[in-house]
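# Structure assessment
Chain by chain, the residues:
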Amino acid sequence: MDIHEARSALAESQHRQQQTIAAGTAPGSWRAWLIGAGAFVAYGVALDLDMVWLVGLLVVAVVAAGGRTLVKLRGKPSPGWTAALVATFVIALLVDVAVQFAVRGADLPAPNTFGGLAAALTVILLGRPIHARLAAARRP
Amino acid sequence: MVPPLDEFVHTPARLSILSLLAPAEWVAFSFLRDAIATTDSALSKQLKTLEEAGYVKSFKDRSARRSTSVRLTEQGRTAFEDYLNALEQLVARSRGTGT
């Protein structure tokens, strides 16, 4: 093997490794996040319309529509960012409940829908950037 | 002295596959196929050869709707790292910095 061939093989290998790292550290797609956030709204609407049976279908639809992970990088994810991501969903649930109370207190219709909308906004505004940080923290 | 190159790894398709697998715990079959812009059957053939050599392992991922994923084995990782080391030493030697 000559030196040019060796250099080219090394460059090719580095390029391919970067492809995997880029795929493994990419933030979740907008599509996946919108589906996740939309699920909160749909859940609220289903409750307000007294169609609780729809929730089961909703869960199946969200799981089916969500994209699958294509690359799992080596190493453990950052515990701090993982905790922050979990906290985002807890905050979203708390926001949901708080908005529901406020809407019920104001005697407005569809409190679950408003709660779901607020939770969806929280998930989009907080969850996606935190998930992007969590993914980026895995970059070797 | 430069260690001998693993001729088995030293083919463009196999080198691409091993390089794509190296930073990952596992990758989806579809990711490999799209990354190297090949067909399902051509990739399957390469993976079968690598699997027979003990370099990679294919498995069905239950958490991903039973789709196929691929990972590097310890033997494959060692062979890949040895191959890269040999290349780096070859390049270093040409610069006059190698041992």
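For clarity, every value in this text was computed on a predicted model and none was experimentally measured.

## With respect to the environment of Val9(B)
All names here are of chain B. Take Val-9: it is sitting in the segment before helix H1 (12–21). Taking the relative accessible area as the measure of exposure, Val-9 reaches 0% and is therefore buried. C-alpha of Val-9 to C-alpha of Ser-41: the two residues are 32 residues apart in sequence and 20 Å apart in space. When residues no more than four places from it in sequence are discounted, the contact partners of Val-9 are Arg-14, Leu-15, Leu-18, Tyr-55 and Tyr-83.

## Some remarks on a nonpolar patch on the surface
Residues and elements named next belong to chain A. Where nonpolar side chains cluster on the molecular surface, the patch consists of Val-86, Val-90 and Leu-94 and spans about 270 Å² of accessible area. As for its position among the elements, Leu-94 is in helix H4 (residues 79–105). Classification of Leu-94 as exposed rests on a relative accessible area of 54%.

## Some details on helix H5 (residues 111–136) of chain A
Given a rise of 1.5 Å per residue, 26 residues ought to cover 38 Å, and the 37 Å separating the end C-alpha atoms of H5(A) matches this to within 8%. At Gly127(A), H5(A) is deflected by roughly 30°, the largest bend along its length, and proline Pro129(A) occurs up to four residues later in sequence.

## Some remarks on the nonpolar core
Core analysis: the biggest nonpolar cluster contains 33 residues, and Ile17(B), Leu18(B), Leu21(B), Leu32(B), Leu47(B) and Val56(B) have the highest contact counts within it. Residue assignment for this core shows that the elements contributing at least two residues are helix H1 (3–24) and strand S1 (71–73) of chain A together with H1, strand S1 (24–28), helix H2 (29–35), helix H3 (40–52), strand S3 (67–72) and helix H4 (74–94) of chain B. Take this core: its biggest share by element is six residues, from H4(B). The contacts of Leu47(B), once residues within four sequence positions are left out, are Ile17(B), Phe29(B), Leu32(B), Val56(B) and Val70(B).

## Details of the packing of aromatic side chains
All names here are of chain B. For the structure shown, the criterion picks out one aromatic pair over all chains. An angle of 90° between the planes, with centres 5.2 Å apart, marks the rings of Phe-8 and Tyr-55 as edge-to-face. Taken together, the residues span a long stretch of sequence, with Phe-8 in the segment before H1 and Tyr-55 in the loop between H3 and strand S2 (56–61) at a distance of 47 residues. Its relative accessible area of 23% is what places Phe-8 among the partly exposed residues. Between Arg-14 and the ring centre of Phe-8, over which it is positioned, the NZ or CZ distance is 4.3 Å.

Calculation notes
- Residues numbered from 1 in each chain as written.
- Chains lettered and ligands numbered in written order.
- Predicted model: local features only at pLDDT ≥ 70, side-chain atom pairs only at ≥ 80, totals over all residues.
- Heavy atoms only, no water.
- Helix = DSSP H or I, 4+ residues; strand = E, 2+ residues; numbered from the N terminus.
- Buried < 20%, exposed > 50% of the residue type's maximum accessible area, 1.4 Å probe, protein only.
- Contact = heavy atoms within 4.5 Å.
- Patch = residues over 30% accessible without salt bridge, like charges linked within 9 Å, V, L, I, M, F, W, Y side chains within 5 Å.
- Areas by Shrake-Rupley, 256 points an atom, 1.4 Å probe, with all protein chains shown as cover.
- Salt bridge = Lys/Arg side-chain N within 4 Å of Asp/Glu carboxyl O.
- Expected span 1.5 Å × (residues − 1).
- Bend = angle between axes of the 7 residues up to and from the residue.
- Core = buried A, V, L, I, M, F, W, Y, C linked by side-chain atoms within 4.5 Å.
- Phe/Tyr/Trp six-rings, centres within 6.5 Å; stacked < 30°, edge-to-face > 60°.
- Lys NZ or Arg CZ within 6 Å of the ring centre and 35° of its normal.

Such coordinate-based values are descriptive only and should not be taken to indicate function.
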